[in-house]
Amino acid sequence: MLDVNRNENIEILSFSEVKEVSGYVGNYNIIVKMKPRYINEDCNGCGACAEVCPVYTSNYFDEYLGARKAIDIAFGQAVPFLYDVNRDSCVECFSCIEACELDAIDFSQVPKEVKFKVGTIIIATGWDIYEPFGEYGYGEFENVITQAQLERILAPNGPLEGHVRRLSDNKKPKEIVFIQCVGSRDSERPYCSGVCCMLALKNGKLLKEEFPDANITICYIDIRTNEKGFEEYYQRAKDSDIKMIRGKVGEFSEDPESKDIKIRVYSSLTDEIIKIDADLVVLSTAALPSEGTQRIVKVLNLDADRNGFLTESHFGLMPQETKTKGIFIAGFAQGPKDIAYSVSQARAAASKVAELTAPGEIDIELITAEVDNEFCISCRRCEKECPKMAIKIVDEEGAVVDEINCDGCGICATCCPTQAIDIRYYRDYQLYAEIDGLLEGG
Amino acid sequence: MEKIYEPELRNLLKKCYQCGRCSGVCQLSKVQKYTPSKIIQLILEGFENKVLESGELWDCLTCNQCLKDCPVKINFADIVRMARYKMRHEKNQSSDEFVAHKGIYTTISEIMSRPYINPDRNMDWIPKNCKISDKGDILYYVGCLPFFNYEFENLNSIAISTLKLIYQIEKKPIVVFKEEICCGHDIYWGQGKLKTFIKLAKKNLEKFKNAGVRTIVTACAECYRTFKIDYANIFDEFDENFEVKHIIDYIYENWKSQKIEFKNPNKSEKEIQFTYHDPCRLSRFLPENDNITNKVREIFREFKYLGYQFNEMAHNKENSLCCGVNSWMNCNEKSKALRYKRMQEAKLAGSKLITSCPKCNIHLTCLQNDFEDLASIEILDFSEFIINHVKVIRTKSKGD
């Protein structure tokens, strides 16, 4: 991130949202809404404001386990290194303004819109974690946490400074159970999140290192270790005495006094019911397409699959392209994947962009729709059906084709009730001539 | 209809990916070896015959806990129901050794399914101040209650309270059939007698139509589920012609439309602690949008003002423990162990245990004879519990 920030050719607009995109490949007009941080670029991240701020609020970055001030920095490695004010919790005492020596705090900021032009777009909107409220006591039992929360707890800069403790009584856990596939591989989210098996093995190993005497159990359905070195890692996890039980946890209840979690799981490999009194339960919850992915689908009129991940042009051969020329995707926005795969995708997308933009101009096919406006009755059927939004009804003229975005797919021609639309090179008389030619030849 | 008779069990199970959660939550598995996921895998691997021949599926409680927690929503209880049909007809197995009370109650249902049988039911239980009729738009479907009354004590009071409630609210004669026949629930779920069930269903439908019924009210969780889901599955037009309401539904609607209010004329100083046992048929067996479990709790919260304190048991709503017996199948030591667990939970939650299924009522009450420590809990049906606390609001009479 820091490298990106230092690169002169890269401009980062953080804390902002793409509102509108128009145009076509090579000439996209973007409108971005930048949310106010209430802090300007003069901030040097000294933290004097946070020290005097009297308001504590829950910390989004720490998965709501820790606290932050109403004026604070998102997290230690944030880029750009600017503080921000959470206006929902700010009580407007303005003591931060007094504390700031650089006059960087500006409560008069309002959202602003930035307009600029780009040639191509890469979408890398990432993922969100599923919060399984109501499942396995999450949100109700104190010692049930998600894998994402455990990650924060394990982090040296996290809410517990890297030392894992039970949330109910701050004791060291002795019996830790991981439950895999929570919220994924079910009727609502039928996909496999792809990363949680390795995550559980990794965190299991870390916990084993910190607590060598603790019993660590992973209740899995299938362990998926299909990439380089993963299977060996799985073996090492087993070598370090992590118990693997093949079965999804069944009955699950909390002891109201000790806050331990009583677990009953059917081990399908031994055909036995196993009971565990766990003192810490970690749920490997589903990874979801991020909120940003869902929004960008609408802004760019892209396709998403039933789970909300962006649809590529071709699963095997064009994994980075979308149906719109000049818009590419990379990473989790396209589907569940790990970091290595995301990096390759990002590089693939970048080289696709270079390939497209380096010549300075692009050739397009002339096989596009053409409209005979004499017959057009402005019924808007073509406008509705066009997958690329490349045909629009203009009040006086009738249907007008955007020839750069038009793919010549012909959907508009078939749905036009007055047959006012033809596809170049595939006009009726041309097809008849082709048939005649073929028949003569025979 | 053939689909209902001869299903290919494998085809209904293909979504299963053996997470094994069903075996982990199975209520029966707490008292005996029982693993739905293994049974499913056996069928998927082509050992359906072995599963059916073993007779293992006669043991299932059909409590539906496995469906509630299944990530891919495999309806195991329904598979059991269909498998039982196959076990009976293809493998010539008899369910007789599993049926409780020597099969008398299911035999009564079977006799009723015959075309020429029209029972002449004892109507002495009907309270004097309630008017009933043969025809009308509201039917109170009594179910087996008056039959049970010979063996189990005081069950008629459920029927009496329910009829009183409906009559008070409607203020017009309520249809109660003298020739009422069984809804067929027990032979359908318990014994796999699908053909008998369909005969009963057809006879019932005819009776409902002849009487001009529009709304069917019942106080029985099993009758409710059978009419609302199973009859509607068999007869396409059932949903259009009839509205099925459990007495909880019926009371809730009237309360919400301010036709009735809850009062307690004999409110005691000390709050009475009570709890509610959700029957499987009203919790796990209904579609998700049917929130009887929440409706009844909303009513109970109102009872706070009447001097009652509602407490949940440790397992409640969709996770309620089973009353131990289903469709008169497998009443034995193991089922007693299940019931004992439930009653222990009830004991912690209050002095009164309310339920809305007469069968749960029978099973749990029966256990009290064996265990003195549980005898102090008063087990009541929903209708019995509220009968003295419902006051009809007479808004119209003011205007007159």
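Scoring rules and cut-offs
Residues numbered from 1 in each chain as written. Chains lettered and ligands numbered in written order. Predicted model: local features only at pLDDT ≥ 70, side-chain atom pairs only at ≥ 80, totals over all residues. Helix = DSSP H or I, 4+ residues; strand = E, 2+ residues; numbered from the N terminus. Rg over C-alpha atoms; globule rule 2.2 N^0.38 Å. Buried ≥ 20, exposed ≤ 12 C-beta atoms within 10 Å, placed from the backbone. Contact = placed C-beta atoms within 7 Å. Domains from an automatic or database assignment. Nonpolar A, V, L, I, M, F, W, Y, C, P; charged D, E, K, R; others polar. Pairing = 2+ DSSP bridges. Axes fitted to C-alpha atoms, helices over the stretch in contact; angles between N-to-C directions. Core = buried A, V, L, I, M, F, W, Y, C linked by C-beta atoms within 7 Å. Left-handed = near helix turned anticlockwise from the far one by under 90°. Expected span 1.5 Å × (residues − 1). Bend = angle between axes of the 7 residues up to and from the residue. Arc of directions from axis to C-beta. pLDDT = per-residue confidence, 0-100.

**Student:** Outline the overall build of chain A, listing residues and values.
**Tutor:** The helix and strand inventory of chain A stands at eleven helices and 23 strands. The C-alpha atoms of chain A give 28 Å as radius of gyration, which overshoots the globular expectation for 442 residues (22 Å, by more than 25%). Dimensions of chain A along its principal axes, counting C-alpha atoms only, are 85 × 65 × 40 Å. Here chain A, with 442 residues, has 30% of them falling under the buried criterion. Contacts in chain A between residues far apart in sequence, at least 24 positions, make up 64% of those at least 6 positions apart.

**Student:** I'd like a rundown of the overall build of chain B, residues and numbers included.
**Tutor:** In terms of helices and strands, chain B carries 20 helices and eleven strands. Relative to the compact-globule value of 21 Å for 400 residues, chain B shows a C-alpha radius of gyration of 21 Å, a close match. Dimensions of chain B, computed from C-alpha atoms along their principal axes, come out at roughly 70 × 50 × 35 Å. The buried share among the 400 residues of chain B stands at 47%.

**Student:** Requested: an account of the environment of K304(B), with residues and values cited.
**Tutor:** Residue and element names in this part refer to chain B. Among the structural elements, K304 can be located in the loop between α16 (292-302) and β8 (308-310). A tally of 11 C-beta atoms within 10 Å means that K304 is categorised as exposed. Residues K304 and I272, spaced 32 residues apart in sequence, show a C-alpha to C-alpha distance of 9.4 Å.

**Student:** Break down the domain arrangement of chain B for me, citing the residues and quoting the values.
**Tutor:** All names here are of chain B. Per the domain assignment, the segments making up chain B are domain 1 (2-93), domain 2 (97-256) and domain 3 (260-391). Each partner contributes to the interface: domain 1 provides twelve residues, whereas domain 3 provides twelve residues. Here the side of domain 1 that touches domain 3 is built from residues that sort into five nonpolar, five polar and two charged.

**Student:** I'd like to hear about the domain arrangement of chain A, residue by residue, with values.
**Tutor:** Examined at the domain level, chain A breaks down into domain 1 (128-287) and domain 2 (369-441). Each of domain 1 of chain A and domain 2 of chain A was reduced to a C-alpha centroid, and the two centroids are 57 Å apart.

**Student:** So, unusual backbone geometry: which residues are in play, and what are the values?
**Tutor:** In this model, V79(A) is joined to P80(A) through a cis peptide bond whose omega is -5°. Relative to the assigned elements, P80(A) resides in the loop between β5 (71-73) and β6 (83-85).

**Student:** Could you give an account of the sheet that holds strand β17 (residues 280-285) of chain A, with specific residues and numbers?
**Tutor:** Residues and elements named next belong to chain A. If you walk across this open sheet you meet the five strands as β10-β17-β11-β12-β13, and the pairing is parallel. This sheet does not close on itself; its edge strands, each paired only once, are β10 (144-146) and β13 (243-246). Within the sheet, the average angular offset between the axes of one strand and its neighbour, ignoring direction, is 25°. The pairing of strand β12 (residues 215-220) with β13 spans four bridges and is classified as parallel.

**Student:** Break down the nonpolar core for me, citing the residues and quoting the values.
**Tutor:** Soluble globular proteins tend to bury their nonpolar side chains together. Counting 116 residues, the largest nonpolar core has L139(B), Y140(B), I166(B), I216(B) and V217(B) as the members making the most contacts within it. The greatest single-element share of this core, amounting to eight residues, is contributed by helix α6 (residues 76-89) of chain B. When residues no more than four places from it in sequence are discounted, the contact partners of I166(B) are I138(B), Y140(B), I174(B) and V217(B). Among the nonpolar cores identified, the runner-up in size contains 59 residues, and I145(A), I273(A), V282(A) and A349(A) belong to it.

**Student:** Can you explain the packing of helix α4 (residues 147-154) of chain A against helix α5 (residues 196-210) of chain A? Please cite residues and give values.
**Tutor:** All names here are of chain A. Remark: α4 packs on α5, axes separated minimally by 11 Å, with the N-to-C direction vectors making an angle of 35°. The element α4 and its partner α5 pack so that their crossing is left-handed. In this structure, α4 uses Q147, L150 and L154 to contact α5, whose residues at the interface are C196, L199, A200, N203 and L206. Residue classes in the contact of α4 with α5 are distributed as six nonpolar, two polar and no charged.

**Student:** Outline helix α12 (residues 221-234) of chain B, supporting the account with residue identities and numerical values.
**Tutor:** Residue and element names in this part refer to chain B. With 14 residues, α12 extends 19 Å from end C-alpha to end C-alpha; this agrees with the ideal 20 Å at 1.5 Å per step. F227 marks where α12 bends most, by close to 35°. With respect to burial, α12 is a largely interior element, ten of its 14 residues being buried. Taken together, the buried positions of α12 are A221, E222, C223, Y224, R225, T226, F227, K228, D230 and Y231.

**Student:** Just give me the short version of the interface of chain B and chain A, but keep the residues and values in it.
**Tutor:** Taken together, the 15 residues of chain B in the interface contact 16 residues of chain A. Within the residue set of the side of chain B that touches chain A, elements represented by two or more residues are α2 (21-25) and α3 (36-44) of chain B. If you tally residues by element for the side of chain B that touches chain A, the top one is α2(B), at four residues. Residues belonging to the side of chain B that touches chain A are distributed by class as follows: five nonpolar, seven polar and three charged.

**Student:** Give me the lowdown on helix α7 (residues 291-300) of chain A, citing residues and values where you can.
**Tutor:** Residue and element names in this part refer to chain A. Taken as a whole, α7 has its buried residues at T293, I296 and V297. Looking straight down α7, one finds its buried side chains confined to an arc of 110°; they lie on one side. Relative to its buried face, α7 has exposed residues pointing more than 90 degrees away, namely E291 and K298. Tucked inside the fold, the buried residues of α7 contact β1 (16-24), β8 (121-123) and β18 (287-289). Where α7 terminates, the next one or two residues include N301, which has phi positive at roughly 55°.

**Student:** Could you give an account of the environment of I251(B), naming the residues involved and the relevant values?
**Tutor:** Residues and elements named next belong to chain B. Note that I251 resides in helix α14 (residues 247-256). Along the chain, I251 and K295 lie 44 residues apart, while their C-alpha atoms are 9.6 Å from each other. Contact partners of I251, with chain neighbours within four places excluded, come to L165, I299 and I386.

**Student:** Just give me the short version of the confidence of the model for chain B, but keep the residues and values in it.
**Tutor:** On average, residues of chain B score 90 in pLDDT, and 97% of them are at 70 or above. Model confidence for the complex: the whole-complex pTM is 0.89, and ipTM, which rates the interface, is 0.86.

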